[in-house]
Amino acid sequence: MQAAERQPPLHATMDQFRIANGELLIGGMPLSRLAARVGRTPFYAYDRSLLSQRVAQLRAALPNSIKLHYAMKANPMPAVVCHMAGLVDGIDVASGGELRVALDSGANPADISFAGPGKSRAELAQAVAASILINIESFREVAILAEISQTSGYTARVAVRVNPDFELKHSGMKMGGGPKQFGVDAEQVPELLAQIGKAGLAFEGFHLFSGSQSLKPEAIVDAQSQSYTLALRLAEYAPSPVRFLNLGGGFGIPYFPGEQRLDLPSIGANLADLSKRARQDFPAAELVIELGRYLVGEAGVYVAEVIDRKVSRGQVYLVTNGGLHHHLAASGNFGQVIRKNYPATIGNRMDGAVEPGISVVGPLCTPLDLLADKMALAKADVGDLVVIFQSGAYGLSASPQAFLGHEAPAEVLV
Ligand SMILES: *Cc1c(COP(=O)(O)O)cnc(C)c1O
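Residues numbered from 1 in each chain as written. Predicted model: local features only at pLDDT ≥ 70, side-chain atom pairs only at ≥ 80, totals over all residues. Heavy atoms only, no water.

(A) Just the site of the ligand, in detail. Inspection of the region around the ligand gives twelve residues, with Lys 73, Ser 212, Glu 290, Arg 293 and Tyr 394 positioned closest. Between the ligand and Lys 73 there is a distance of 2.8 Å, counted from an oxygen atom to a side-chain nitrogen or oxygen. One of the backbone nitrogen or oxygen atoms of Arg 293 is found 2.8 Å away from an oxygen atom of the ligand. Class assignment of the residues belonging to the shell around the ligand gives a composition of five nonpolar, three polar and four charged. (Near = heavy atom within 4 Å. Polar contact = N/O pair within 3.5 Å; in protein donor to acceptor, adjacent residues only side chain to side chain. Nonpolar A, V, L, I, M, F, W, Y, C, P; charged D, E, K, R; others polar.)

Next comes the structure, spelled out in structure tokens:
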């Protein structure tokens, strides 16, 4: 085959946002007007209607019996968490700080759960007092929770986070199978359950989470089915009936050229099947999936302003006031092995003639501060607005803001 006939793979079309008069619309508002309303650049903007739409699409594809939780580490902005709390069935937190935001959001404490290795004694005490569900990840946590329950008089509600003996295949980040810092190895769970029973903690169920950012429905189906089977096996050792079975998540979104949006029907069909089996196997249980990125990632953009246009030995650089200190993931330094470009555009020149090979960089004194490497973008100059798509998850809160001492970006929910 001749190389010249091969089309390079393209980014998935970012058609979740409409365009009018040459401008990208965020929350229905032209980007330049939104920038004026925010009052400064750079900023993150999250589109409220897209958040609602994503949850509605997901609910339509999944059986009604499946409960949907939002893993708020993907985007902990309080306004976003409040909005999500009104849409989903529960919030998953990963720290005492996130727990405060989740409680403020108005989510019912009964529907908040807390996972994470290395929970401190203070965080565990906070969680017990709040009456949320704690996903136990070690024998140490059982001992501390027993003590807290005894001294406080509030009984800890617990589930067991299992480190499964399998992993989510083809996922961006594996979080199960083999030795892991997350959860308790499946083979040690019977002993852990015995200790939970002895300590008099309120056992509610199991939490299995085997990976993140998967775009392969068959891999997700496989992981969810295996999670179910493993839970069924472990339930024999449980001190009381299972009331809560969290089958994890791992749904991905397309970031890079050649990636497509996840196809939901087979996942929905499998969950319907598991749900039916659960009526026999776990009659008292609700089945839960927990998603972060998939719920919020596509609804967000990061917007930086061009402050210089330089040409170095033929290479055009758009130098912006934003960069890796605000958006580490888009710079390729948050778990990517080979750097690839996030989808990007010049948001106030959507009809503009495109020039190839443009690089977008930030103001930091490091060559790692790269937002787009040799991309085709509309011809842009000082004052134009570079938009990085797929920025609603693992954006600001996953970036080293203090690096080089620039101002924090604004964050708005539109
Ligand atoms: C990070 C995390 C999630 C969310 O993962 P996404 O890939 O954002 O959906 C869910 N559950 C647990 C336990 C996590 O650690």
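(B) Spotlight on the pairing of strand β2 (residues 23-26). Burial of β2 is two-sided: the residues Glu 23 and Leu 25 facing one way and the residues Leu 24 and Ile 26 facing the other way are all buried. Pairing between strand β1 (residues 19-20) and β2: two bridges, direction antiparallel. In the strand pairing of β2, Ile 19 is matched with Leu 24. Taking the residues between adjacent antiparallel strands as the criterion, β1 and β2 are bridged by two residues, where Asn 21 takes a positive phi near 50°. Note: β2 against strand β3 (residues 29-30), two bridges, orientation antiparallel. Within the sheet, the bridge partner assigned to Ile 26 lies in β3 and is Met 29. The hairpin turn running from β2 into β3, its antiparallel successor, is two residues long, and Gly 27 in that turn takes a positive phi close to 55°. (Buried < 20%, exposed > 50% of the residue type's maximum accessible area, 1.4 Å probe, protein only. Helix = DSSP H or I, 4+ residues; strand = E, 2+ residues; numbered from the N terminus. Pairing = 2+ DSSP bridges.)

(C) Molecular detail of the sheet that holds β2. Taken together, the three strands give an open sheet; going across it, the order is β1-β2-β3, and neighbouring strands pair in antiparallel fashion. The sheet is open, and its two edges are formed by β1 and β3, each paired on a single side.

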